[in-house]
Each structure stands twice: as C-alpha cells, then as structure tokens.
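Here are the chains, one letter per residue:
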Amino acid sequence: MNFDSIPREELPGILCRMPKAELHIHIEGSLEPELIFELATRNRLRLPYPTMEELRAAYAFTDLQSFLDIYYAGAGVLQTEDDFFAMAWAYLKRAKADNVVHAEIFFDPQTHTARGIPFATVINGLDRAIRRGREELGLSASLILCFLRHLSEKDAFAVLEDALPFRDRFIGVGLDSGERGNPPEKFARVFARCRQLGLRLVAHAGEEGSAEYISHALDLLQAERIDHGVHCLDDPQLVARLVQQQVPLTVCPLSNVKLCVFPSLSAHNIAKLLAAGIVATINSDDPAYFGGYLNENYTATFAALPELGVKEAYQLARNSFRASFADENTKEGWIRELDEFFAHRHAQPSTVSAH
Ligand code: HPA
Ligand code: ZN
C-alpha cells in the first residue's frame, strides 16, 4: 500500500475512523465518576469524595500504586449484576464510537469477591453486556480474568476454582496490580493449571517492573502476549526474542504518562518498539482514570511523536488484529476490512470522534 500518498493532515481522522481492536482495557478502569456516583447513590454507599469534581481532582497519580488505591476504591460501588452490566455496556458503546470492532476485556474478580460479591454476579453482568454488544452494536468482545498479583498464589487458585463453572464465559487469564515485588514466578503454578485448562495466557510485565519480569512472564508463565512491556528496550536480547517470536505488546501510552512511566508522550518509546519490529499495539488500560479512550490514545500519541505516520497507523491497527485471540479466519476478515479502509475510505472527510 502506498501510504506516502496520504497527507499527514488526514492522520487524526484516519486514526479515529480506522477499524481496530482493543486488547488492554480493565473494565473496572472504565468506570466514569458519573457512574461511580450514580451507583453509590443507588446502593446507598458513602464515598470518601463529596463531589465528582473532588473525585476527579484525586486522579493525580505519582506511580502505579497511587492509582491502584483509588481504582480499587472506585470499584467498591459495584454491587449487583446490573451494576456490572451498566459498567461494561457503557464501555462497549464508547468503544463502538471509536470504531473498535473487537475488544478483549480484563476483569478483576478478586476485587469483588473479597467484598462478598459472588463471582457469578460479576461475570453474569459483564457477559450480558458483551452479548448485547454483539447483537446490538456488532462489536465482538471477550473476557480475560486477571489475578491480582499483590495477593497470594492460594488466593489465585481459589478464584480460579470459583471461575471454573463459568469456563465458557472467559477466554483467558492475565496478571495485574502492583508489579514490583510480585514477580511472575509467584504465579507459575496457577498459570500452568490455566494452560492445562486451555485458557489463553497474558501478563502485565515491564510496566514499572524490569525487562527481566518480561522474560520471566514468557519463560515461567508461558504468556502469549505481554501487557505494557515497555521496559523491554533495556534488554537487546529480549527485544530480539520478542521480534523473532512475534510476541505482541499491549502498550498504553496515556496510562504510561499518567503513572509516570514516561515523563511525557513525546518521551514514549512506542515508535522505537515499532521500528524494532515488535508487534506493538495501542490500548487505553483504564480510560476513565487516564484521560482518554482508545482514539485519544492514538491521536495524542501520534500528535506527540513525529516519527509516527500513516504507515504506523495501519501497522498498529493491523497488529491489534494479529495479536488478538480471535480465530485466524476472523482476524483475516478484520484485516481485509482494514485494507479496504486504507485503500478506499481514507479520503473521506475527517471526523474526529467526539468524546
Ligand atoms: N497495571 C497493573 N494493574 C492494573 C493496571 C495497570 O496499568 N490497571 C488496572 N490494574
Ligand atoms: Zn493494565
């Protein structure tokens, strides 16, 4: 494809309108302050922040843990199946507006089961939204259960046990929460069991943690995809391996800046990751907390990095489909749709999707 013939001014419109997949979104991180207040009122809960403005003002993070403290507190308003449905349905409609055609969505059951919410309540609400999204929005989505790495191996085995009666409602498992001091090896046996069960495996690694955590997620957890992974550039051998084995990274630029992984978007290494031949993708992580959904992640990153042009826009969207856990025929269909978009539709007037 001749990307050079497409003027750079068309980039924002292309980024917003092109079909894409989102592979790194924590559904609890899509809980907007408005919905937090609505659910708190409905469930007669008192929030530590009297107004929405004061809650939003608390979203000034210095690192991952300072974010997680507020994120877990926010998730405390979710009580009923309808609450989980409302959260996921809001995300799916928002994703549709960003021309997301497929989403692989993380959920953190331990955040809820620890508060006495049954696993069934969580997954039934999320699953109902996903089925409605498929029917009404034509958006394909699936769930990935994340283990909280600050909790024990025993706790992870316990939530896996809770989840097994619902095995057909989620496609895989991941590993999230505070990375430092909670290395992949802590969960090697749980992941081995999940692998036996035929679950797909991903893990957060190399966000705040070192490149070694990425290698260990690959070697000790058999992770098929790495969430964040931006610290891989510290280890040239690891980069060569990621390229050779085509291990995808789900990178989240706005998140990385909000959590001080990079000082600014212009200092982000996503362009270097792509140039090195890594299957990097762009994702939103926790959009309600980090100032943007998927299209804002794309447009802000491209605006900050002049090395990223139309070719990289195509590459990132294509990578998002290749890196997904959909079957090969489905992926090929999406990539044909993407090729079609770039071949015929890029010349349409740019409509940057409104927030
Ligand atoms: N990192 C680790 N755990 C998380 C994140 C993240 O960016 N978001 C939600 N849980
Ligand atoms: Zn994440």
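Residues numbered from 1 in each chain as written. Chains lettered and ligands numbered in written order. Predicted model: local features only at pLDDT ≥ 70, side-chain atom pairs only at ≥ 80, totals over all residues. Heavy atoms only, no water.

Engineer: Describe the coordination of the zinc ion (ligand 2), with residues and values.
Structural biologist: At 2.1 to 2.2 Å from the zinc ion (ligand 2) lie its protein donor atoms, namely H24 (NE2), H26 (NE2), H204 (NE2) and D285 (OD). With four donor atoms in place around the zinc ion (ligand 2) and angles of 80 to 172° between them, the coordination shape is irregular. Spacing between the donor residues of the zinc ion (ligand 2) along the chain follows H-x1-H-x177-H-x80-D. One end of the pair, H26, is in strand β1 (residues 20-26); the other, H204, is in strand β5 (residues 200-205), with 178 residues separating them in the sequence. Across this residue pair, the class does not change: H26 and H204 are buried. (Donors = N, O, S within 2.8 Å, 3.2 Å for Na, K, Ca; no water. Tetrahedral: all angles 85-135°; square planar, octahedral: opposite > 155°, others 65-115°. Helix = DSSP H or I, 4+ residues; strand = E, 2+ residues; numbered from the N terminus. Buried < 20%, exposed > 50% of the residue type's maximum accessible area, 1.4 Å probe, protein only.)

Engineer: Can you break down empty space enclosed by the protein residue by residue, with the values?
Structural biologist: Rolled over the atoms, a probe with the dimensions of a water molecule shows which regions are left empty. Taken as a whole and assessed by the stated rule, the structure comprises one cavity of 30 Å³ or more. Of the volumes computed, that of the largest cavity is approximately 90 Å³. The wall of the largest cavity is formed by 14 residues, among which H26, L64, L68, H204 and D286 lie closest to the centre. Element by element, the count of residues in the lining of the largest cavity is highest for helix α4 (residues 64-75), at five residues. Grouping the amino acids of the lining of the largest cavity by side-chain chemistry returns six nonpolar, four polar and four charged. (1 Å grid on protein atoms, 1.4 Å probe; cavity = no way out; pocket = protein on both sides within 12 Å on 5 of 7 lines; lining within 4 Å. Points joined across faces, edges and corners; volume = space filled by probe spheres on them. Nonpolar A, V, L, I, M, F, W, Y, C, P; charged D, E, K, R; others polar.)

Engineer: Describe the pattern of salt bridges, with residues and values.
Structural biologist: On inspection of all chains with the given rule, the structure shows 16 salt bridges. A salt bridge links R42 to E38; the shortest N-O distance between them is 3.7 Å. Within this pair, R42 and its partner E38 are both found in helix α2 (residues 33-42), separated by four residues, close to a single helical turn. When its relative accessible area of 43% is taken as the criterion, R42 is described as partly exposed. The exposure class assigned to E38 is partly exposed, which follows from its relative accessible area of 45%. For E136, the salt bridge is made with R132, and the minimal N-O distance between the two is 3.1 Å. Separated by four residues within a single helix, E136 and R132 lie in helix α7 (residues 119-137), roughly one turn from each other. Here the salt bridges do not stand alone but share partners, grouping E38, R42 and D83 into one network. (Salt bridge = Lys/Arg side-chain N within 4 Å of Asp/Glu carboxyl O.)

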